[in-house]
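Chains, contacts and geometry: an overview
Next come the chains, spelled out residue by residue.
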Amino acid sequence: MLVFSPWVYGNPAYVNATELTGRVVRTGSGTGIGDATVHLIGPDNVGMDVTSTNKDGSYTIDLGVLEDKELINLGAFFLEAAVKGKFKKRIGLGNGLRLEGTVLRFKDIRLP
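Throughout what follows, the structure given in this document is the object of discussion. Please read all numbers here as calculations on a predicted model, not as lab measurements.

Criteria and thresholds
- Residues numbered from 1 in each chain as written.
- Predicted model: local features only at pLDDT ≥ 70, side-chain atom pairs only at ≥ 80, totals over all residues.
- Heavy atoms only, no water.
- Helix = DSSP H or I, 4+ residues; strand = E, 2+ residues; numbered from the N terminus.
- Lys, Arg positive; Asp, Glu negative; His and termini not counted.
- Charge placed at Lys NZ, Arg CZ, Asp CG, Glu CD.
- Core = buried A, V, L, I, M, F, W, Y, C linked by side-chain atoms within 4.5 Å.
- Buried < 20%, exposed > 50% of the residue type's maximum accessible area, 1.4 Å probe, protein only.
- Contact = heavy atoms within 4.5 Å.
- Pairing = 2+ DSSP bridges.
- Salt bridge = Lys/Arg side-chain N within 4 Å of Asp/Glu carboxyl O.
- Polar contact = N/O pair within 3.5 Å; in protein donor to acceptor, adjacent residues only side chain to side chain.
- Axes fitted to C-alpha atoms, helices over the stretch in contact; angles between N-to-C directions.

1. Quick word on the overall build of the protein
- Each helix and strand in the protein was counted, giving one helix and nine strands.
- Starting at the N terminus and ending at the C terminus, the protein contains elements arranged as β-β-β-β-α-β-β-β-β-β.
- In terms of its C-alpha atoms, the protein occupies a principal-axis envelope of roughly 40 × 35 × 20 Å.
- Counting 13 positive and 12 negative side-chain charges, the protein places the centres of these two groups 12 Å from one another.

Listed below in structure tokens is the structure:
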């Protein structure tokens, strides 16, 4: 039996983060996908926040909705991307986060 602990990815430095940024792009070309929807989902599958990408595929999620204990364990969260209302991908934040000052940057979400 596989047991998942949301605390595996804990990082106390994430408490200082105020926003999470990244891009939604096409797999082959790397072209940004505008007007995609990005949902921040907690490890318990509860939606925490939602935003849309701008014309170059960039998004920003305000982390002010999270408590310190959630920020510390942000690596256990997921992002879900949808285009034109259709689910496309769910990806774990895991090791894809990079803290730059108060901004957490996430690797590109690549969609077909």
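2. Let's talk about the nonpolar core
- Ranked by size, the top nonpolar core spans 25 residues in total, and within it L20, L63 and L79 carry the most contacts.
- Put simply, the parts of the chain that give this core at least two residues each are strand 1 (19–26), strand 2 (36–41), strand 4 (58–62), strand 5 (78–83), strand 8 (103–106) and strand 9 (109–111).
- Apart from residues lying up to four places away in sequence, L20 is in contact with L40, Y59, T60, I61, L63, L79, L93, L97, L104 and F106.

3. A look at the pairing of strand 7 (residues 97–100)
- The pairing of strand 7 with strand 8 spans four bridges and is classified as antiparallel. Counted as the bridge partner of R98 is R105 from strand 8.
- Between strand 7 and strand 8, which pair antiparallel in sequence order, lie two residues; one of them, G101, sits at a positive phi of approximately 70°.

4. So, the pattern of salt bridges
- As enumerated under the stated definition, the model contains four salt bridges in all.
- A salt bridge links R90 to E80; its shortest N-O distance comes to 2.9 Å. Placement of the pair is R90 in strand 6 (residues 86–92) and E80 in strand 5, with a sequence separation of 10 residues.
- In this structure E80 comes out as buried when scored by relative accessible area, which is 19%.
- Among the ionic pairs, D108 bridges to R110, the shortest N-O distance being 3.9 Å.

5. Describing the environment of N45
- Note that N45 resides in the loop between strand 2 and strand 3 (47–52).
- Linking N45 and F78, residues 33 residues apart in sequence, is a C-alpha distance of 8.5 Å.
- For N45, the side chain forms a polar contact with the side chain of R90, separated by 2.5 Å.

6. Here we look at the sheet that holds strand 5
- Reading across the sheet, the four strands line up as 3-2-5-6 and stay open at both edges, with antiparallel pairing between neighbours. Bordering the open sheet on either side are strand 3 and strand 6, each of which pairs with just one other strand. Averaged over all neighbouring strand pairs, the angle between strand axes comes to 20°, with direction disregarded.
- Two strands pair when backbone bridges link them, and strand 2 and strand 5 are joined in this way by six bridges, in the antiparallel orientation. Within strand 5, the position partnered with V38 by the bridge is A81.

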